[in-house]
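# Commentary on secondary and tertiary structure
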Amino acid sequence: MTQTQNPTVVFTDVETVEIENRAVPEPEPDQVLISTDRTLVSTGTELTVLSGDVPQGSAWDDHIKYPFTPGYNNVGTVVEVGSNVEDIAAGQRVATYGSHAAYVCADAEACRPVPDGVSDDEAVFFTIAEIVMNGVRRSDLTWGERAAVYGLGLLGQLAVRVSQTAGARPVVGLDVAESRLEYLPDVPGITGANPIEDDAEEIVREAADGSLADVVFEVTGNPDVITDELDVLREQGRFVVLSSPRGETTFDFHDHCNSPSYTIVGAHNSSHPPVATPATPWTQQRHAALFFELVADGSLEVESLVSHREAADEAPGLYETLLADRTDAMGVVLEW
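Attention here is on the structure that accompanies the text. (Residues numbered from 1 in each chain as written. Predicted model: local features only at pLDDT ≥ 70, side-chain atom pairs only at ≥ 80, totals over all residues. Heavy atoms only, no water.)

### Observations concerning helix H7 (residues 200–207)
As a reminder of what qualifies: Relative accessible area decides the class of each residue, using a 1.4 Å probe on protein chains only: under 20% of the type maximum gives buried, over 50% gives exposed, and in between gives partly exposed. The secondary structure listing takes helices from DSSP runs of H or I that are at least 4 residues long and strands from runs of E that are at least 2 residues long, numbered from the N terminus. The arc under discussion is defined with respect to the helix axis, by the directions toward the C-beta atoms. By the criterion applied in these results, polar contacts are pairs of N or O atoms within 3.5 Å in which, for protein atoms, one can donate a hydrogen and the other can accept it, and in which residues neighboring in sequence qualify only through two side-chain atoms.
Among all positions of H7, only Ala200, Ile203 and Val204 are buried. Looking straight down H7, one finds its buried side chains confined to an arc of 95 degrees; they lie on one side. The exposed set on the far side of H7, more than 90 degrees from its buried face, consists of Glu202 and Glu206. Structurally, the start of H7 carries an N-cap: the backbone nitrogen of Glu201 is 3.1 Å from a side-chain oxygen of Asp199. Trailing H7 by a residue or two, Asp209 shows a phi angle of about 55 degrees, which is positive.

Laid out in structure tokens, this is it:
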């Protein structure tokens, strides 16, 4: 490698972002070195970490240690391979969980090859797609069922799209921000509503021929609204926690679970099977490959979700803007 500098986004403290020039990493025998082309800011996770506004003693609190190197949506080009790597070659585009940095190393087996028919701006959504696909799969959503999605940030937008692609009819997306409702696809079978201005239960029943949702996806991350979301779920329906709520929810297990016989499903990305088996074949890598296939053949459109595109060296100012107000933020892309 002739490069000696590796600009890297670092949260040095609460609400403090810097670009540090770090050393370019050397790939180990089973790794590859990647020159980053695009990274996607995870506005939920990263802004939670940057704000430091989490309950003391929570898992969030344990996770956040400064300096913190954020980012896990990285698309780039392989520039060097380790001595044991055979299936990945220099010049190949790959997606990895690499950070916001000009150069990252990744295990070769963790690389997701990006096909030619998928642009960098599309491919960089792969982690979000993996999370959502896993959540939809864990929900046991089947063809013709009715779905509601609360929270229309990136995860919610993908949850609406993936649910419809999986056969849900209708899919109702709910958010208090009109700007987020405007990102919903204008296609039959998808309805948007503001749960403050509209009666959510009435909206769902109207869209679903008088029925309530079979599956509700919680993607707001707001622990204070979770029980309200159950109003649109039918008896014996499934409630999927696709977000990572920031705090505790007061929950009456009789009224909100036992009596209506709801199934409550956690759907963290870590619940992917670590390896494929005949019983559980849907690993993160396989979901990524499916996402790329759906994008390439036009079944899934994501590029219109890009709301911000900035040069990587503008990251400190961008994060400051997002901390102040991220209402209009959707796909926030850094170009390297």
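### Topic: the packing of helix H4 (residues 126–138) against helix H5 (residues 154–165)
For the record, the criterion: For every element, the axis is a line fit to its C-alpha atoms; helices are fit only across the contacting stretch, and the angle between N-to-C directions ranges from 0 to 180 degrees. For this classification, under 35 degrees means roughly parallel, over 145 means roughly antiparallel, 65 to 115 means roughly perpendicular, and everything else is oblique. Throughout, a crossing is termed right-handed when the near helix is turned clockwise from the far one, and left-handed when it is turned anticlockwise from it by less than a right angle. By definition in these notes, contact holds between two residues if any of their heavy atoms fall within 4.5 Å. We call Asp, Glu, Lys and Arg charged. Ala, Val, Leu, Ile, Met, Phe, Trp, Tyr, Cys and Pro are nonpolar, and the rest, Gly among them, are polar.
At a minimum axis separation of 9 Å, H4 and H5 run at an interaxial angle of 55 degrees. Judged on the interaxial angle alone, H5 and H4 are oblique. As H4 packs across H5, the resulting crossing turns out to be right-handed. Contacts from Ile128, Ile131, Val132, Met133 and Val136 of H4 reach H5 at Leu154, Leu155, Leu158, Ala159, Val162 and Ser163. Looking at the contact of H4 with H5 residue by residue, the class counts come to 10 nonpolar, 1 polar and no charged.

### Side note on the environment of Ala110
One can find Ala110 in the loop between strand S6 (103–107) and strand S7 (112–113). Each C-alpha atom of the pair Ala110 and Ala312 lies 24 Å from the other, and the pair is 202 residues apart in sequence. Those residues in contact with Ala110 that lie beyond four places of it in its chain are Ala95 and Gln285.

### Points about the pairing of strand S3 (residues 31–41)
Regular strands place their side chains on alternate faces of the sheet. This is how the line gets drawn: Any two strands with at least two DSSP bridges between them are considered paired.
Along S3, 10 of the 11 residues are buried, which leaves the element largely enclosed by surrounding structure. Bridge count for S3 against S6 is 5 bridges, and the pairing is antiparallel. From the neighbouring strand, Ile34 faces S6, where its bridge partner is Val104. Direction of pairing for S3 relative to strand S4 (residues 74–81): antiparallel, over a ladder of 7 bridges. Its bridge partner lying in S4, Arg38 is registered against Val75.

### Notes on the pattern of salt bridges
Definition in use: Counted as salt bridges are all cases of a side-chain nitrogen of Lys or Arg within 4 Å of a carboxyl oxygen of Asp or Glu.
Under the counting rule described, the total for this entry stands at 12 salt bridges. Ionic pairing is found between Arg112 and Glu130, a salt bridge with its closest N-O pair at 3.0 Å. Here Arg112 is found in strand S7, whereas its partner Glu130 is found in helix H4, with 18 residues between them in sequence. Overall, Arg112 belongs to the buried group, its relative accessible area being 4%. Look at Glu130 and you get buried, because its relative accessible area is 0%. A salt bridge links Asp214 to Arg234; the nearest nitrogen and oxygen atoms lie 2.5 Å apart. Here Arg234 lies in strand S12 (residues 233–241) and Asp214 lies in strand S11 (residues 213–218), a separation of 20 residues in the sequence. Salt bridges linked by common partners bring Arg38, Asp121, Arg309 and Glu335 together as one network.

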